[in-house]
Amino acid sequence: MELKYLKAENYRNILSANIEFSDGVNLLYGHNGAGKTNALEAVYLFAICKSFRTNRDSDFITHGKDLSNLTLGFTCDYSKKDEKPFEMQLTFFKDAKKKMFYEGVGISKVSEFAGRFRAVFFTPDHLSLVKGSPDERRKFADMALSQIKPSYIRCLNEYMRLLSQRNSILKNAKITGKLDEALLSVYSEALSETASLITRQRAFFSEYLEREAARFYDSISGSNEKLYIRYLSSEKDDPKNVEKTKERYLKLYTENINSEVKYGATKYGPHKDDILFFIGSERENEKVCELEKSDENADISEACGEKRKTVEFAARTFASQGQQRSAVLSLKLAEGEIIKNLSGEYPVYLFDDVLSELDNNRKKQLMSLFMDKQVMITCCDENSFDSSLVNNKIKVENGNYIKV
């Protein structure tokens, strides 16, 4: 997949711009506040229709203007050589719903708009993936899955709708002391079914993510450390089995009605899930003692042997700043690899201020991973890394984009 151009009108500090991109590495450089991140954000909106900075569409509109228009052109691996790029359009209004178009045809549902153009976005704010709240990690998984499997958006929206209704019943019961058990049972049944589908997709994604991210972490960190990922769900036994997970959730909802009424909300389900990251180091030839409880009288020396031992520590608590950044970069690269493996082509990579805290060696290691990909990178100083690796330079000044 290749991004060809972005046209923007009245978008944040961009009054009017027509930015053309090339294959390979595209560098957008300029002072802070010039509009570098705005351009990347605008591109990413075409992937999932959501911003990493705001939940209000009106925030995209330039102050004093009534609406904002964005147009994006891109090609795919299956596009013919001289074929016109596919075109998508987004229009944002102050007091009305946004409008979405693909090839000039209006689209009413985000689930039908997302997934046509695919992108992976990294910003320094994403370091919160490691040390932030579970909500940040759930959002990461959901945004990735929304591009990989657009139907996931419909499932997630349905889950949130059912969850809101069920929570209203529980909250009302907490306040009034009266519970409509028949109605609650209906929502419990529906919620458990939708929850099982979301749990299954997240479980598969986490497993796939660990496999790919571990490989990238090894390349970026250049050390013997390993990255591990653990998916924590209310369904601990077999989260990838839809029927068993549905039964498990329904059992939790049925057996914990009293505690949920006291709580005033649903206590179990994908909205409580988490994805945890661990850094592990493998130690060679370390004596590891393994005694079962039934072996209390055994000689300890007989249970100790020369074995490889993996020592893990929670990245959230103990990881250094460098380890956190390497972990998040690995997650983002892994996300792109998963998209490529499942869709047949690489997404566009949008990396905002990714190089600022990396030494020259790690910059080279990171850039080497982009050899066969299209990348948009922002920075303040155009000379912050080897310019021979850059295919296209764009200077950004006050919402203007000048090809150098």
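Parameters and conventions
Each chain carries its own residue numbering, running from 1 in the written order of its sequence. Restriction of local features to residues with pLDDT of at least 70 applies here, the model being predicted, together with a cutoff of 80 or more for giving and counting side-chain atom pairs; totals for whole chains, interfaces and linings are based on all residues. Working from all heavy atoms in the structure, the side-chain values ignore hydrogens and water. Helix and strand assignments come from DSSP, with helices taken as H or I runs of at least 4 residues and strands as E runs of at least 2, each series counted from the N terminus. Under the scheme applied here, a residue whose accessible area is under 20% of the maximum for its type counts as buried, over 50% as exposed, and between as partly exposed, the area being computed with a 1.4 Å probe on protein chains only. Contacts are assigned to residue pairs that have any heavy atoms within 4.5 Å of one another. Calculation of accessible area relied on Shrake-Rupley with a 1.4 Å probe; when residues are assessed, cover is drawn exclusively from the protein chains displayed. The rule for a salt bridge is simple: a side-chain nitrogen of Lys or Arg has to be within 4 Å of a carboxyl oxygen of Asp or Glu. Two aromatic rings, drawn from Phe, Tyr or Trp (for Trp, its six-membered ring), form a pair once their centres lie within 6.5 Å of each other, and the interplanar angle then sorts them: stacked below 30 degrees, edge-to-face above 60, tilted otherwise. A ring has a charge above it when a Lys NZ or an Arg CZ is no more than 6 Å from the ring centre and no more than 35 degrees off the ring normal. A cavity, in this analysis, means grid points on a 1 Å lattice covering only the protein atoms where a 1.4 Å probe fits yet has no way out; a pocket is instead an open set bounded by protein on both sides within 12 Å along at least five of seven lines, and a residue lines either one if it has an atom within 4 Å of a point. Grid points are joined across faces, edges and corners, and a volume is the space filled by probe spheres set on the points. Note on residue classes: Ala, Val, Leu, Ile, Met, Phe, Trp, Tyr, Cys and Pro are nonpolar, Asp, Glu, Lys and Arg are charged, and everything else, Gly too, is polar. Pairing between strands requires that DSSP locate at least two bridges from one strand to the other. One confidence number per residue, pLDDT, is output by the predictor and ranges from 0 to 100. Think of each axis as a best-fit line through the C-alpha atoms, taken over the contacting stretch in the case of a helix, with angles from 0 to 180 degrees between the N-to-C directions. By definition, turning the near helix anticlockwise from the far helix through less than a right angle yields a left-handed crossing, and turning it clockwise yields a right-handed one.

Student: Please clarify how the overall build of the protein chain should be interpreted in this entry.
Tutor: Each helix and strand counted, the protein chain has 12 helices and 15 strands in total. Counting only residues that meet the buried cut, the protein chain has 50% of its 404 residues in that class. Relative to all contacts within the protein chain whose residues are 6 or more apart in sequence, the contacts with residues 24 or more apart total 70%. Working note: accessible area of the protein chain is about 20200 Å², and carbon and sulfur atoms make up 46% of it.

Student: Explain the pattern of salt bridges to me, please; I cannot follow it from the model alone.
Tutor: One side chain can pair with another of opposite charge once the charged atoms of both are near each other. All told, the structure shown has 23 salt bridges when counted by the stated rule. Between E158 and R161 there is a salt bridge, with the nearest N and O atoms lying 2.8 Å from each other. Taken together, the residues span about one helical turn, with E158 and R161 both in helix α5 (residues 151-176) at a distance of three residues. With a relative accessible area of 31%, E158 lands in the partly exposed category. Note on R161: relative accessible area 42%, which makes it partly exposed.

Student: Hey, could you run me through the packing of aromatic side chains in this one?
Tutor: If you walk through the whole model with that rule in mind, you get 13 aromatic pairs. In textbook terms, an aromatic cluster arises when at least three aromatic residues are bridged by ring pairs, as seen for F74, F86, Y102 and F117. Note that K340 overlies the ring of Y346, its terminal NZ or CZ placed 5.5 Å from the centroid. The ring of Y346 carries the charged tip of K373 above its face, separated from the ring centre by 4.6 Å.

Student: What is the right way to read the layout of surface pockets from this model?
Tutor: Over the atoms rolls a probe the size of a water molecule, and its path tells where empty space is left. Its boundaries defined by the atoms lining it, the largest pocket holds a volume of some 980 Å³. Along the walls of the largest pocket sit 39 residues, with K50, N55, K139, D142 and M143 positioned nearest its centre. Those elements that provide at least two residues to the lining of the largest pocket are α1 (36-48), α3 (128-131), α4 (134-148), α5 and α11 (321-343). Examining the composition of the lining of the largest pocket, we find that nine residues originate from one element, α4, more than from any other. Counted by class, the lining of the largest pocket contains 17 nonpolar, eight polar and 14 charged residues.

Student: Just checking my understanding: could you explain the environment of P124 for this structure?
Tutor: Within the secondary structure layout, P124 lies in the loop between β8 (119-122) and α3. When its relative accessible area of 26% is taken as the criterion, P124 is described as partly exposed. The contacts of P124, once residues within four sequence positions are left out, are R325, D352 and D353.

Student: What's the story with the pairing of strand β5 (residues 86-93) in this structure? I'm lost.
Tutor: One face of the sheet, then the other: side chains in a regular strand alternate in exactly this way. Relative to β5, strand β4 (residues 67-75) is paired through eight bridges, and the arrangement is antiparallel. Opposite L72, over in β5, you have M88 as the bridge partner. A loop of five residues connects β5 with strand β6 (residues 99-102), the two strands running antiparallel in sequence.

Student: Please explain the confidence of the model for the protein chain as it appears in this structure.
Tutor: Averaged over the protein chain, the pLDDT score is 86; the fraction of residues at 70 or greater is 88%. Of the regions scoring below 50 in pLDDT, residues 283-311 engages in 36 contacts with residues more than four places distant in sequence or in other chains.

Student: Would you take a moment to explain α1 for this structure?
Tutor: Residues three or four positions apart in an α-helix share a direction because the helix packs 3.6 residues into each turn. Taken across its 13 residues, α1 has 13 buried, putting it largely inside the fold. Positive phi shows up at C49, right after α1, with a value of about 65 degrees.

Student: Whenever I open this one, the sheet that holds strand β14 (residues 392-397) confuses me. Can you help?
Tutor: Either a parallel or an antiparallel arrangement is found when strands of a sheet pair, and the pairing is made through backbone hydrogen bonds. Strand order in the open sheet formed by six strands is β8-β12-β13-β3-β14-β15, with mixed pairing between adjacent strands. The open sheet has two edge strands with one neighbour each: β8 and β15 (400-403). Across the sheet, the mean angle from the axis of one strand to that of its neighbour is 20 degrees, orientation sign disregarded. Of the strands in this sheet, β8 and β12 (348-352) are in contact with α11, which crosses β8 at around 175 degrees.

Student: Just checking my understanding: could you explain the packing of α1 against α4 for this structure?
Tutor: If you want to describe how two helices pack, look at the angle between their axes and the distance between the axes. α4 packs onto α1 with a crossing angle of 65 degrees between their chain directions and a minimal axis gap of 9 Å. Here Y44, A47 and I48 of α1 come into contact with α4, specifically with M143, S146 and Q147. Per-class residue counts for the contact of α1 with α4 are four nonpolar, two polar and no charged.

Student: Please clarify how the packing of α5 against helix α6 (residues 181-221) should be interpreted in this entry.
Tutor: Contact geometry for α5 and α6: axes closest at 9 Å, N-to-C directions at 145 degrees. Handedness of the α5/α6 crossing: left-handed. Residues Y152, C155, L156, E158, Y159, L162, L163, Q165, R166, I169 and L170 of α5 lie in contact with α6, whose contacting residues are L183, L184, Y187, S188, A190, L191, T194, A195, L197, I198, Q201 and R202. Split into classes, the residues belonging to the contact of α5 with α6 amount to 16 nonpolar, four polar and three charged.

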